[in-house]
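Coordinates in review
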Amino acid sequence: MLDWLVPAVCLMAVLVTTTALVGWALASERLTRVVTLPGAGMMMPNTALGLLLVGMALWLLHDKPTNRLRRTTGQAMALFVLLLGGLVLVQYVARTDLGIDRLLFANTLRRLSPSPPGRPSPLTALSLCLMGGALLLLHVRTREGWHPARPLALLVVLIAAQALISYVYLEDAPLTLLPGLDRLGSYSPMALHTALLFLMLALGVLSVHPRQGLMGVLLRDDAGGLMARRLLPATILIPLIVWGLRLFSERLGLHSAPFGTSVFALVTVATFLAILARNAKALSLLDASQRGVEKSLRDSESRFSGIVNNAADAIITIDARQRITLFNTGAERIFGYSVSDALGQPMGLLLQEPLGDSVSPREERRRLLGLRKGGEVFPAEATLADVWVDGTKQRVVILRDISARERAEEARRNREELFRAAFEHAPIGMCLVSLEGRLLNVNEALCQILGYSREELLQMTFHDLTFPEDLEQDLLVVKRLLDGEQGSYQLEKRYLHKQGHLVDALLTASLVQDSRGRPLHFISQVLDISERKRLESDWLLLAEAGPRLASSLDPQTTLSTVSRLVVPTLADFCLVALLDEGGRVLRRQSLAASPEKSGLLEAMFDLYPQTPFRRGHLLAEVFKSGKALLLEEVPLALLEASAEEPQHLDMLRRLAPQSCIVVPLSARGHTLGVVALGTSESGRRYGARDLALVEEVARRAALAIDNASLHAQSEEATLLRDEVLRIVAHDLRSPLNVIALSAGTLMKRSPEERLADSRPLNSIQKAVIRATTLIEDLLDVARMQGGQLTVDRRPESTVAMLQEALDQHRALADARSVHLQLDVEPHVSDVFVDKDRVLQLFSNLIGNALKFTPMGGVVTLRAEPWGDMVRCSVSDTGSGIPVDDLPHLFEPFWQAKSRHKEGAGLGLTIVRGITEAHGGRVWVESQPGLGTTFFFSLPAVTRVDSSLTWHA
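Residues numbered from 1 in each chain as written. Predicted model: local features only at pLDDT ≥ 70, side-chain atom pairs only at ≥ 80, totals over all residues. Heavy atoms only, no water.

**Quick look at the sheet that holds strand 22 (residues 931-939)**
The criterion, for reference: For two strands to be treated as a pair, DSSP must find at least two bridges joining them. Labels follow the DSSP assignment, with helices taken as runs of H or I lasting at least four residues and strands as runs of E lasting at least two, numbered in each case from the N terminus. All axes here are fitted lines through C-alpha atoms, helices being fitted over the stretch that makes contact, and every angle between N-to-C directions spans 0 to 180 degrees. A contact between two residues is defined here by any heavy atoms of the two lying within 4.5 Å.
Here we have five strands laid out as an open sheet, ordered 17-19-20-22-21, and mixed in their pairing. Of all the strands in the sheet, just strand 17 (819-824) and strand 21 (922-927) have a single pairing partner and so form its edges. On average, each strand axis in the sheet is tilted by 15 degrees relative to the strand beside it, whichever way the strands run. Here strand 21 pairs with strand 22 via six bridges, running antiparallel. Bridging across to strand 22, glutamine 927 finds its partner in glycine 931. On the sheet, helix 31 (residues 835-851) packs against strand 17, strand 19 (858-866), strand 20 (869-876) and strand 22 and is oriented at approximately 25 degrees with respect to strand 20.

This is the structure in structure tokens:
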């Protein structure tokens, strides 16, 4: 009833005190007085602060807070108010100044407030002490059941009321307090708004426990409470009004007028007579109302008797000795006894167990076992109540036979248990869904399918779990169910797993309705078909892989086909690479599901083409061992270990591999390369099944690549055969014709002429040498094609070998007016090579350089250390090689179209074969118009402890 009082009082206190404090801050006397009536007085800053804290503490503490912070804060504020009021009183009693009066707004106080500046009045200080104590004791209760806070609050009410009455009567403030208290100094009255706030806050404290004291009397619902509420205003107002009139008359000089005292006495008597008459009338009305209630009661008793006799339930009353005093018709039907048989009998005749002597106030219904007249035991539900009739206690038992209900409930429980067991232990996911889409109940299978706990799912809707692209179709069939167009539906849809991936499911849903046909909820069955979908996808992938891989015999096209087969079906990005026996990349193909990742892969492999295939890296280990690798999680440490430099690590982090599979490309017992698959943004995690599928795709790809290689070798062999036949038919014909013509010339000459002219013999010798060289070149190329080019290596001096190669071509260089020079860096290592083969290599390169270097040009041989190799080069100052011709230089029988064809086009092919047979490699750099440089590497010799270690 009074719940609104405390918040209203606290709010009023905060508003008034805040206004006063703002007035002191702005030096506004109008705001400090709040009430602008003459003589209303100022509210001192300390008073405003104390009342502000009282209001806040009362708001924090009035509900008996269980929150420790709230309780502690409120009590701290109350204690501060108590200390503040106490210190002010100490200042008055000790006639001293502790300096607390001017802690706030000192300058303004000296200018506006009376003497002593800023100090609250003694009554104000006393009221602060009493309010602080009342708040500290707000919920304290003595053994006798009264609250100490209430007397303290009542004292504040009296002090505040006295101050307010003095303002009403316009009393002049005395110079001192009551006699004997002049030690406290001159009297300063309590400000009007201060007194009002104290009165309101004290009433707020009294309203915290309103059922005690005078407030408890006023709140009663009986005649005493009614009388108290009606007399309270008169009790308070009449003395004040009468005394006020008397004071007013005295001030007008009428106190000595004739009949003055008798008139005031007569007014008082008349007023109380009017109050007496008014309350007598109220009591008469109350009596009439009571007579009406009694009549209604008699009518109710008649109706009750009819209800009791015709009630379907058994209504029985028993006395203190447990004897039956009332037995209605319903009891006769239920128990089989007549009224005459049951009255006066003990209650044990009807029940299998006693009722007990008392009824618990909290007990509403009790389950009992009843006994029929024939001895049958039946379940019953009874409501017990003790009533007093003319001072005698009787117990009323309202008993209902619940046999039929028990049977119905048992059947219902059996059905519910059957449904619960089928629901909870079903091998497929099941759920109940509200008409709004919220999940009402789920079974364990659905939790396992979607990865959520039961509690998490019950906070979600099916909209949250459905893949957005499938939601529209789902909502459409739900609308058809609600519209009655169909009773159930089945469709395939995708759910969102808690870990982020998709779950393919077959959903069967139907609408459950009540007995009136109104929809209640949906029941859904969710069958996880992800594995079936994955198997279908795997079968489709393998079925598609065969024809697509077999559609081309080009290895690069096959690599591209493999990458498009697995991205994005199995991977977010992939790399397919063909490697030579040394692990160097021959061909590669990279692809990602997103264009950004594809560009990142290309940039990374352009900058670091050989890094993933170096010893110690995953791809290199798989290529070397021929065993597949599965990484369900890719740790960051692996990326850091694989990175060449910070830029490389940044690229790997941007690629963000989460799971990885690396499998070899193996065919006919040889490892041709590797396939690496990775996931990132899809969140997919690879497992053993994915590894088996990728291995099968890699096996088919390796067979396709091997077939393409065999086909290419066959085509190359056919071309080689045709080229050899061409060379035999064309290039060997020239030296043979020279031999035939020269021999014919010799046959026609006499012996003297033959001796005199040796030119035919020289021509025959040159033709034989040319034919022999051509045949040797053809044989070398054939050996290289068959992998049978052998070298007999020994340690050789690099400088001596280069000098010898230079000396072999000096005569030819002089004839062409080309300068030969040698440039060998100091301390260059010896080489571990087949000297004859390397001299053949130099011969081919120097011969080519001399052939294409104009007169006055320079051909330079260089050698320099290059790791565990020696890098050699042959440079010329010729016209250079066109860019389009560079990729074909080392192909057998290839010759530039723009140049005069000399030889069979096998020289550079043999150079590459000899270099690779020594474990090195050869490459060319050329700029048209500036010359050409051929580089090749040879294994160096390192001496350690006088023993030779060969690095090849």
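**Let's talk about the side chain of arginine 150**
What counts here: Note on exposure labels: buried denotes an accessible area under 20% of the residue type's maximum, exposed denotes more than 50%, and partly exposed covers the range between, all computed with a 1.4 Å probe on protein chains only. Polar contacts, as counted here, are pairs of nitrogen or oxygen atoms within 3.5 Å of one another; within protein the pair requires one atom able to donate a hydrogen and one able to accept it, and residues that are adjacent in sequence qualify only if both atoms are side-chain atoms.
Mapped onto the fold, arginine 150 is located in helix 7 (residues 149-169). The class of arginine 150 is buried, set by a relative accessible area of 11%. Looking at arginine 150, its side chain comes within polar contact range of the main-chain oxygen of leucine 206, at 2.9 Å.

**As for a nonpolar patch on the surface**
Keep this limit in mind: Note that patches include only residues with greater than 30% relative accessible area and no salt bridge, and the join distances are 9 Å for like charges and 5 Å for nonpolar side chains (Val, Leu, Ile, Met, Phe, Trp, Tyr). For accessible areas, the Shrake-Rupley method is used with a probe of radius 1.4 Å. Any residue's cover is judged against the shown protein chains and nothing else. Just to be clear on terms, a salt bridge is a Lys or Arg side-chain nitrogen sitting within 4 Å of an Asp or Glu carboxyl oxygen.
On the surface, a nonpolar cluster with roughly 370 Å² of combined accessible area is contributed by Leu79, Leu83, Leu136, Leu137 and Val140. Mapping valine 140 onto the fold places it in the loop between helix 6 (122-136) and helix 7. With a relative accessible area of 37%, valine 140 lands in the partly exposed category.

**A few points about the packing of helix 6 against helix 8 (residues 192-206)**
Selection rule: Angles are sorted into four bins: roughly parallel if under 35 degrees, roughly antiparallel if over 145, roughly perpendicular if 65 to 115, and oblique for all others. Crossings are classed by handedness, with left-handed meaning an anticlockwise turn of the near helix from the far one by less than a right angle and right-handed meaning a clockwise turn. Each residue receives one of three labels: charged for Asp, Glu, Lys and Arg, nonpolar for Ala, Val, Leu, Ile, Met, Phe, Trp, Tyr, Cys and Pro, and polar for the others, Gly being one of them.
Relative orientation of the contacting elements helix 6 and helix 8 amounts to 20 degrees, with a least axis distance of 11 Å. Compared by their axis directions, helix 6 and helix 8 come out roughly parallel. With respect to the hand of their crossing, helix 6 and helix 8 are arranged in left-handed fashion. Packed against helix 6, whose contacting residues are Thr124, Ser127, Leu128, Met131, Ala134 and Leu135, the element helix 8 presents Thr194, Phe198, Leu201, Ala202 and Val205 at the interface. Here the contact of helix 6 with helix 8 is built from residues that sort into eight nonpolar, three polar and no charged.

**As for the sheet that holds strand 10 (residues 519-528)**
Strand order in the open sheet made by the five strands is 7-6-10-9-8, with antiparallel pairing throughout. This sheet does not close on itself; its edge strands, each paired only once, are strand 7 (439-442) and strand 8 (488-496). Geometrically, the sheet is characterised by an average inter-axis angle of 30 degrees between neighbouring strands, direction not taken into account. As judged from the three bridges shared by strand 6 (residues 429-434) and strand 7, these two strands associate in the antiparallel manner. For cysteine 431, the partnering residue across the bridge sits in strand 7 and is valine 442. In this fold helix 14 (residues 403-424) packs onto strand 6, strand 7 and strand 10, with an angle of close to 120 degrees to the strand it touches most, strand 6.

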